[in-house]
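Here's the letter readout for the chains.
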Amino acid sequence: MLAAEAHDLVKTFDGKTAVDGVSIAVPAGSISGILGPNGAGKTTTIRMMLGIIDPDSGTRRLLGHDRPLEAAHEVGYLPEERGLYPSMPALEAMAFMGALRGLPLAEGRRRGRAVLEENGHADWAARTIRSLSKGQAQTVQIYGSLLHRPKLIVLDEPFSGLDAINQEKLEALIRRQRDQGVTVIFSTHVIAHAERLCDRVAIIAGGRVAFDGRVAEARETLRPIVTLRTRSTDGPWRAALPAEARANGNEWKFELPESGPEPLLRALLDGGAGIETLSIERPGLHDAFIAIAGESAAREMGGAEPGRQAA
Ligand SMILES: Nc1ncnc2c1ncn2[C@@H]1O[C@H](COP(=O)(O)OP(=O)(O)OP(=O)(O)O)[C@@H](O)[C@H]1O
Ligand SMILES: [Mg+2]
């Protein structure tokens, strides 16, 4: 079952296309990431999916509703532009956010107080938003967006501005929500968060979906990298290395040849390389993201594709 889907969304601002035919399918109960360079169209896509703005063309479906705003009471949202009333006490701000999503104020206050206490922030309740730091206010806003116990949570760059400890806490919170059956969608520029958390990622570049699938599938678009240290400096084994292999002393780095590790190992052994250390590792999501987003940018500019081969 899908919690959210977008089909061929297009949005143009002042004659400039911001989103150019984006389709995304988010399975219920999953954690999905939306990645992409600045200006790629992530926020615009999220706003269209939530019904905050209408697409020029294309359709979306949110928790079974063709008109996304009908699902508003079941959706929790952290917008990219944070905004709570500066003069409101934190607990009131949270209860107010819940009320906007249909939660009675008294219940919002009760739940808000409980959440603050559970997280060791009971003292924030009476403090005004103005008196909290940026990261603290953002944390209040994230808690507030969850008070009405939404089925779907959409967080636009929730990690930005949080310190390392609070980033970890937010990762744990997102996992807990997923474990309770909630669907989570978030955008981020820090690929490591997506790599650790996401069941699926969509990479948006230039208003289009450049990749949509599991994290492992994104990584598999890159060939594994061989790092090899040899005792021998020269010999017949050198013929086993691809022409692009780069050396740093007697440490070599190169993409694993198409033929795979076994012929390479055999040639190194038979050729007398004297293997000291050897690792064969698939690059992480960070490298895959740069390759996928970079390739899409190069295509857009009509340039040659960088030398990226499919595994
Ligand atoms: N309300 C608007 N009016 C005019 N142009 C807009 C508007 N909203 C977005 N854009 C333009 O649409 C494009 C996509 O913007 P969007 O905010 O969706 O990108 P993003 O992927 O979220 O970027 P970032 O990583 O910087 O948050 C940009 O070129 C932006 O300038
Ligand atoms: Mg954005």
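Below, the structure is looked at part by part. These figures come from a predicted structure and were not determined experimentally. (Residues numbered from 1 in each chain as written. Chains lettered and ligands numbered in written order. Predicted model: local features only at pLDDT ≥ 70, side-chain atom pairs only at ≥ 80, totals over all residues.)

The subject of this paragraph is the site of ligand 1. Taken together, Phe13, Asp14, Ala18, Gly36, Asn38, Gly39, Ala40, Gly41, Lys42, Thr43, Thr44 and Glu80 make up all the residues around ligand 1. It is helix α1 (residues 42–50) that contributes the most residues to the shell around ligand 1, three residues altogether. Class assignment of the residues belonging to the shell around ligand 1 gives a composition of three nonpolar, six polar and three charged. (Near = placed C-beta within 6 Å. Helix = DSSP H or I, 4+ residues; strand = E, 2+ residues; numbered from the N terminus. Nonpolar A, V, L, I, M, F, W, Y, C, P; charged D, E, K, R; others polar.)

Burial analysis of strand β3 (residues 31–35) places five of its five residues in the buried class, the great majority of the element. With burial as the criterion, each face of β3 is covered, one bearing Ile31, Gly33 and Leu35 and the other bearing Ser32 and Ile34. Looking at chain direction, β3 and strand β7 (residues 183–187) are connected through four bridges and run parallel. Within the sheet, the bridge partner assigned to isoleucine 31 lies in β7 and is valine 184. Direction of pairing for β3 relative to strand β8 (residues 200–205): parallel, over a ladder of four bridges. (Buried ≥ 20, exposed ≤ 12 C-beta atoms within 10 Å, placed from the backbone. Pairing = 2+ DSSP bridges.)

All right, on to the packing of helix α2 (residues 90–100) against helix α3 (residues 105–118) then. Between α2 and α3, the shortest axis-to-axis distance is 8 Å and the interhelical angle comes to 130°. In this view, α2 runs oblique relative to α3, as classed from their interaxial angle. The chirality of how α2 crosses α3 is right-handed. Contact with α2, carried on its side by Leu91, Met94, Ala95, Gly98 and Ala99, involves Leu105, Gly108, Arg109, Gly112, Arg113 and Leu116 of α3 and no other residues of that element. Of the residues assigned to the contact of α2 with α3, the class counts are six nonpolar, three polar and two charged. (Axes fitted to C-alpha atoms, helices over the stretch in contact; angles between N-to-C directions. Parallel < 35°, antiparallel > 145°, perpendicular 65-115°, else oblique. Left-handed = near helix turned anticlockwise from the far one by under 90°. Contact = placed C-beta atoms within 7 Å.)

By themselves, these figures tell us nothing about what the structure is for.
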